[in-house]
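Structural features, examined
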Amino acid sequence: MGAASDLTGAAAPRRRPKRVLPGFGLTLGYTLFYLSIIVLIPLLALLAKSFSLSWPQFWEAVSAPRVLASYKLTFGASFIAACVNLVFGLLIAWVLVRYQFPGKKIVDAFVDLPFALPTAVAGISLTALLAGNGWVGQYFEPFGIQLAFNPNGVVIALIFIGLPFVVRTVQPVLEDSEKELEEAATSLGATRWQVFTKVILPSITPALLTGFAMAFARAIGEYGSVIFIAGNMPMVSEITPLIIIGKLEQYDTAGATAVAVVMLFFSFIMLLVINALQAWQRRHAGMPA
Amino acid sequence: MSAVANPSTRRAQAGTTEAPWVRFTLIGLALAFLALFLLLPLAAVFTEALRKGWDAYLAGLAEPDAWSAIRLTLLTAVIAVPLNLVFGVAAAWCIAKYEFKGKAFLTTLIDLPFSISPVVAGLMYVLVFGANGWFGSWLAEHDIKIIFAVPGIVLATVFVTFPFVARELIPLMQAQGNDEEQAAIVLGASGWQTFWHVTLPNIKWGLVYGVILCNARAMGEFGAVSVVSGHIRGQTNTIPLHVEILYNEYQSVAAFAAASLLALLALVTLVIKSIAEWQGEQQAKAAAALPPERPSA
């Protein structure tokens, strides 16, 4: 200890060593500057505009029956879509990690298609498929089931948009999971189903929920893919982002801002939830948060 | 297979995998779901575009409005992607290489644009730069148009693609640590030299990955751009907006022809992304496989 301090402490004792790498001030300064211009100032403009409304005006704008119906559709359809993605995302991640089959690498890469395909393209394509005369829709039409131009179409578009999230959060966790635990459980007499529910599922729960929350958050804000397929009937199949656009087109900027603030509020909540879930996931994996 | 395996290995196998019929059922279900929800929509784009043959397809793409939409989309991406690339590298450098107060908060702020609805993002820019916005009267006095013009489209695109490069580079640079950069600095390299010759080669595949996804989103963004564009034909229409107009006018073949360009872009993006992922893994493996150095050679 004494020898070491003789070597390093020749100068005045310092609490912290000097930073060796240059560029901290420059990069942090630029990051904050750019963040302010692109994200924070516009965000502030939105909040400031909403304060120009009195509380009764604000409340009237965000709680009109047509707007309430749009929340119900947006959150309901997003929740159903995220649930479907939870189940099938887990299935796809499981199949990609645990099994071998020809073309697996291509399938794996293909899962990210919804991230790469522009939403408007997905929207018109799904509409063409699901309309009463489309490839898929024609088989449902005789049974009186309409897949497009109603809430069914909204759910299907949101399933498409959110599909990769659960797969991509669960996949790495499944890859890292230790097979020894499963072997131990089996040798102690557990059935394969018990191993899955008692050993595997608990270890991937944080990742599953993170993927679910991400898919849900993305679905709430989605616009491009939904508006083509929804039919956009007021009170029935009108999503909240479309309400904002509608108000803007009628030059009701204040009303649009009020509804946007409600959406922003839920975006912040989802961001906090996702952050908390990711921290839980890191603790679960035994990594420093 | 199972005929040659002895009973004990078969039992060990059974502990970590499922019966063949379960495996095949699960693989079949997963592939069927992917085919129905991903492959079918992609195939539909090209089928609908070519429904009336190649001549109609090419005629749809040869319209002057289609060309101006393609030009505007390329211009937007050429401005937005480099801006977010420079930002992403700067943000990743300060967040991954240093410890400071508020780092977690800053990282969360960078992710913010991903959780905000594109429509809300577009509205925010209208409130800043629109006719009745914060800078509206000043901009009008100086005859500068941002909303319902190209600068607004670029800004909205920058917003929605803001986090792509940064969030790809931050975990990558954190995992790589500072050792190599510190060694370079101690040996006398300047900051820029260290970045170009030490950091950049280490992060290049992550960078490609972030940039290619950023570009795909920049070229395909619809909601945010739709709010600020004003939909002026031949002037402020990007390809996705052009697709929407044609589709609403029941010009199905022309709409899907323009959409097929974006679908091709998506496929190219997936290919480059896969290559970048694979190369990045190889690089990480090669770095991990380096033998420990002997004290004296």
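- In the nomenclature of an unreviewed UniProt entry, chain B corresponds to Sulfate ABC transporter permease subunit CysW from the organism Diaphorobacter limosus.
- Quoted verbatim from the Subunit (unreviewed entry) field of the UniProt record, the comment on chain B reads "The complex is composed of two ATP-binding proteins (CysA), two transmembrane proteins (CysT and CysW) and a solute-binding protein (CysP)."
- Recorded in UniProt for chain B, the comment headed Subcellular location (unreviewed entry) runs: "Cell membrane".

- Identification of chain A as Sulfate transport system permease protein CysT from Diaphorobacter limosus is taken from an unreviewed UniProt entry.
- In its Subcellular location (unreviewed entry) section, the UniProt entry covering chain A states "Cell membrane".

1. What about the overall build of chain B?
- Helix and strand content of chain B: 14 helices and zero strands.
- Element order for chain B, N to C, with α for helix and β for strand: α-α-α-α-α-α-α-α-α-α-α-α-α-α.
- With the C-alpha coordinates aligned to their principal axes, the bounding extent of chain B is approximately 75 × 60 × 35 Å.
- Residue burial in chain B is summarised as follows: out of 297 residues, 43% are buried.
- Expressed as a percentage of contacts within chain B between residues at least 6 apart in sequence, the contacts between residues at least 24 apart total 76%.

2. What about the overall build of chain A?
- A tally of regular secondary structure across chain A gives 14 helices and zero strands.
- Helices and strands in chain A line up, N terminus first, as α-α-α-α-α-α-α-α-α-α-α-α-α-α.
- Computed over C-alpha atoms, the radius of gyration of chain A comes to 25 Å, more than 25% over the 19 Å expected from 2.2 N^0.38 for 289 residues, which places it beyond the range of a compact globule.
- Principal-axis analysis of the C-alpha atoms gives chain A an extent of 85 × 60 × 35 Å.
- In chain A, which comprises 289 residues, the share counted as buried stands at 45%.

3. Structural notes on the UniProt feature "domain: ABC transmembrane type-1" (unreviewed entry) in chain B
- UniProt tags residues 70-273 of chain B as "domain: ABC transmembrane type-1" (unreviewed entry).
- Helix and strand shares over residues 70-273 of chain B are 78% and 0% respectively, and the end C-alpha atoms of the span are 23 Å apart.

4. Focus: the UniProt feature "transmembrane region" (unreviewed entry) in chain A
Residues and elements named next belong to chain A.
- On the UniProt side, "transmembrane region" (unreviewed entry) is annotated at positions that read residues 24-48, 75-97, 109-131, 143-167, 226-246 and 258-280 here.
- Within residues 24-48, the helical portion is 100% and the strand portion 0%, while the C-alpha atoms at the span's ends are 33 Å from each other.
- Between the end C-alpha atoms of residues 258-280 the distance is 33 Å, and the span holds 100% helix and 0% strand.

5. Observations concerning the environment of L85 of chain B
All names here are of chain B.
- Relative to the assigned elements, L85 resides in helix α4 (residues 64-97).
- A count of 19 C-beta atoms within 10 Å places L85 in the partly exposed class.
- Residue contacts for L85: discarding those within four places in its chain leaves V165 and V211.

6. So, the domain arrangement of chain B
Residue and element names in this part refer to chain B.
- Split into domains, chain B comes out as domain 1 (9-49) and domain 2 (53-286).
- The C-alpha-based centres of domain 1 and domain 2 are spaced at 33 Å.
- Listed by partner, the interface residues are five residues for domain 1 and eight residues for domain 2.
- Of the residues in the side of domain 1 that touches domain 2, the class split is four nonpolar, no polar and one charged.

7. Points about the UniProt feature "transmembrane region" (unreviewed entry) in chain B
All names here are of chain B.
- Those places that UniProt annotates as "transmembrane region" (unreviewed entry) correspond, in this numbering, to residues 21-46, 66-93, 105-126, 146-166 and 253-272.
- Across residues 66-93, helical content stands at 100% and strand content at 0%; the span's end C-alpha atoms are separated by 40 Å.
- Annotated as 67% helix and 0% strand, the span residues 146-166 places its first and last C-alpha atoms 26 Å apart.

8. A look at helix α9 (residues 151-176) of chain A
All names here are of chain A.
- Look at α9: 39 Å from first C-alpha to last across 26 residues, which is about the 38 Å you get at 1.5 Å a residue.
- The sharpest bend along α9 reaches about 40° and sits at G162, with the proline P164 one to four residues further on.
- A large share of α9 lies buried, amounting to 19 of its 26 residues.

9. With respect to the interface of chain A and chain B
- Tallying the contact residues gives 74 residues for chain A and 74 residues for chain B.
- Ranked by residues supplied to the side of chain A that touches chain B, first place goes to helix α2 (residues 24-51) of chain A with 15 residues.
- Class assignment of the residues belonging to the side of chain A that touches chain B gives a composition of 54 nonpolar, 13 polar and seven charged.

Rules behind the numbers
- Residues numbered from 1 in each chain as written.
- Chains lettered and ligands numbered in written order.
- Predicted model: local features only at pLDDT ≥ 70, side-chain atom pairs only at ≥ 80, totals over all residues.
- UniProt positions renumbered as here; feature names shortened; annotations may be inferred.
- Helix = DSSP H or I, 4+ residues; strand = E, 2+ residues; numbered from the N terminus.
- Buried ≥ 20, exposed ≤ 12 C-beta atoms within 10 Å, placed from the backbone.
- Contact = placed C-beta atoms within 7 Å.
- Rg over C-alpha atoms; globule rule 2.2 N^0.38 Å.
- Domains from an automatic or database assignment.
- Nonpolar A, V, L, I, M, F, W, Y, C, P; charged D, E, K, R; others polar.
- Expected span 1.5 Å × (residues − 1).
- Bend = angle between axes of the 7 residues up to and from the residue.

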